[in-house]
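Below, each chain spelled out in residue letters.
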Amino acid sequence: MSNPNALLHRRDVVNELLRDRADLLVIAGLGAPNWDVSAAGDHPNNFPLWGAMGAASMIGLGLALAQPKRKVLVITGDGEMLMNIGSLATIAVEAPKNLTIAVLDNERFGETGMQKTPTASGVDLAAIATACGIRTSRIVRTMAEVTELRDLAHEGRGTVFAQIKINPEALVFVMPPADGVILTTRFRQSVLGDEALYN
Amino acid sequence: MAEAAKSRAEAAPALPTWPDEIYRVLKDAGIRQVAMVPDAGHSRLIRSFEADPETRVVTLTTEEEGVAMLAGAWLGGERGVLLLQSSGVGNCINMLSLPVICHMPLLMIVTMRGDWGEFNPWQIPMGQGTRPSLEAMGVIVNKVDEPDLVASTVQGAANLAFNTWKPVAVLVGQRVLGAKNFKELARK
Ligand SMILES: Cc1ncc(C[n+]2csc(CCOP(=O)(O)OP(=O)(O)O)c2C)c(N)n1
């Protein structure tokens, strides 16, 4: 029996977000979100970060603007999102239709020993995103809502922000390649074709 | 009337041409995304890009956002430029890990403060720290102090960045920009 009040499990959430991913482009924030995305299957259309904390949402913006026909999904942690929370203002103003930001909110800095983040004290990231002007912005607590979010990401009808409340569990690391040149080159080759190798 | 207009024209300092020159250079380099936190020294260039339907000008809340955004642009096959004041370089330091370790191009055009003729003591620490902190992170730095050399310096930096996948910063010195003195302005 599943308890409807139980917190979601992060790997279930990410597996569902990446189900039938088609040509979705995925940016993963450093730490556990990177391992979750990699656990769902290493893929050339993933750009998993191993550092540059705070970069995920803005890499998503630059990519979404450069590739308006493709759908971009950023999957990151609450700590990573908070490190560049101002980017929600920047992104709201640019309003790319093809960008979805999914924050896996365990209310912890998981990677560094499970210290509490501001969301543990009630800081409402979805409300911040709404106040910035991202109209489709929500807190997600059920798998049905995760499925809706997955569909929204594929529809590309406006910038989407979701703060997904998840269990603060520490799981086994599943790592993608760590070499940034490999990650960059295979992503560009996959998205832009072999020409990417020549310029 | 004509006399008055003439003497006004003589009295007004000639507008610098380098912002228009680097606009052309950046267009020729294929720049599509312009990320910036404004500085007075960049205002003319920013206006040119804003008037250009082919370029997207994105106003950042902090300069490090621009480093990440232009990494995303590169992943998606677009070229960009980051326009910032020297103080904003300090906001970028850890984010520079991204283009450095991923061998991505990054073109930064930095207008200097705390450099030559500065009046504001608070600009000195980061102004003097701009070059060493960029270099400590592995960014190639080209400084220009002559208005006539700004365009060719930016052109060389763009070629270097996009052909060799390196982060490159052009520092435009206060000798080019002209040092303001707010104390004088306050007395007027
Ligand atoms: C600039 C910077 N500060 C601190 C760290 C250390 N650090 C690595 S991961 C992490 C926490 C990430 O937390 P969150 O994004 O919430 O992800 P979680 O692991 O909790 O899912 C921190 C603080 C870092 N890598 N970079």
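A short tour of the structure in this document, coming up. (Residues numbered from 1 in each chain as written. Chains lettered and ligands numbered in written order. Predicted model: local features only at pLDDT ≥ 70, side-chain atom pairs only at ≥ 80, totals over all residues. Heavy atoms only, no water.)

1. Let's talk about the overall build of chain B
Then, in step 1: Along chain B, the regular secondary structure elements total 10 helices and 6 strands.
Then, in step 2: For a compact globule of 188 residues, the expected C-alpha radius of gyration is about 16 Å, and chain B comes in at 17 Å, within 12% of that figure.
Then, in step 3: Here the C-alpha coordinates of chain B stretch approximately 60 × 40 × 30 Å along the principal axes.
Then, in step 4: The proportion of buried residues among the 188 residues of chain B is 51%.
Then, in step 5: Taking contacts inside chain B between residues at least 6 apart in sequence as the whole, the part at least 24 apart equals 75%.
Then, in step 6: Here chain B has roughly 8700 Å² of accessible surface; of this, 55% comes from carbon and sulfur atoms.
Then, in step 7: Here chain B contributes 18 positively and 20 negatively charged side chains, and the mean placements of these two sets differ by 3 Å. (Helix = DSSP H or I, 4+ residues; strand = E, 2+ residues; numbered from the N terminus. Rg over C-alpha atoms; globule rule 2.2 N^0.38 Å. Buried < 20%, exposed > 50% of the residue type's maximum accessible area, 1.4 Å probe, protein only. Contact = heavy atoms within 4.5 Å. Areas by Shrake-Rupley, 256 points an atom, 1.4 Å probe, with all protein chains shown as cover. Lys, Arg positive; Asp, Glu negative; His and termini not counted. Charge placed at Lys NZ, Arg CZ, Asp CG, Glu CD.)

2. Description of helix α8 (residues 180-192) of chain A
Residue and element names in this part refer to chain A.
Then, in step 1: In a regular helix each residue adds 1.5 Å, so 13 residues correspond to 18 Å; α8 covers 17 Å between its end C-alpha atoms and thus fits that length.
Then, in step 2: Along α8, the residues that are buried comprise Gly180, Leu183, Thr184, Arg186, Phe187, Arg188 and Val191.
Then, in step 3: Where α8 begins, the capping side chain belongs to Asp179, and its oxygen is found 2.8 Å from the backbone nitrogen of Val181.
Then, in step 4: Directly beyond the C-terminal end of α8, a positive phi value near 90° is found at Gly193. (Expected span 1.5 Å × (residues − 1). Polar contact = N/O pair within 3.5 Å; in protein donor to acceptor, adjacent residues only side chain to side chain.)

3. Thoughts on the pairing of strand β1 (residues 31-36) of chain B
Then, in step 1: Counting buried residues in β1(B) gives 5 out of 6 residues, a clear majority hidden from the surface.
Then, in step 2: With helix α3 (residues 43-50) of chain B bridging β1(B) and the parallel strand β2 (residues 56-59) of chain B, this β-α-β connection has right-handed handedness. (Right-handed = clockwise from strand over helix to strand, strands pointing away.)

4. What to know about the site of the ligand
Then, in step 1: Near the ligand you find 17 residues, and of these A:Asp78, A:Gly79, A:Glu80, A:Arg108 and A:Gly110 are the closest.
Then, in step 2: Proximal residues around the ligand fall on chains A and B, making this an inter-chain site.
Then, in step 3: One of the side-chain N or O atoms of A:Arg10 is found 3.0 Å from an oxygen atom in the ligand.
Then, in step 4: The contact in question runs from an oxygen atom of the ligand to an N or O atom on the backbone of A:Glu80, over 2.8 Å.
Then, in step 5: Relative to its unbound accessible surface of 590 Å², the ligand loses 76% to contact with the protein.
Then, in step 6: When residues of the shell around the ligand are assigned to their parent elements, the largest contribution, 4 residues, is made by helix α4 (residues 78-83) of chain A. (Near = heavy atom within 4 Å.)

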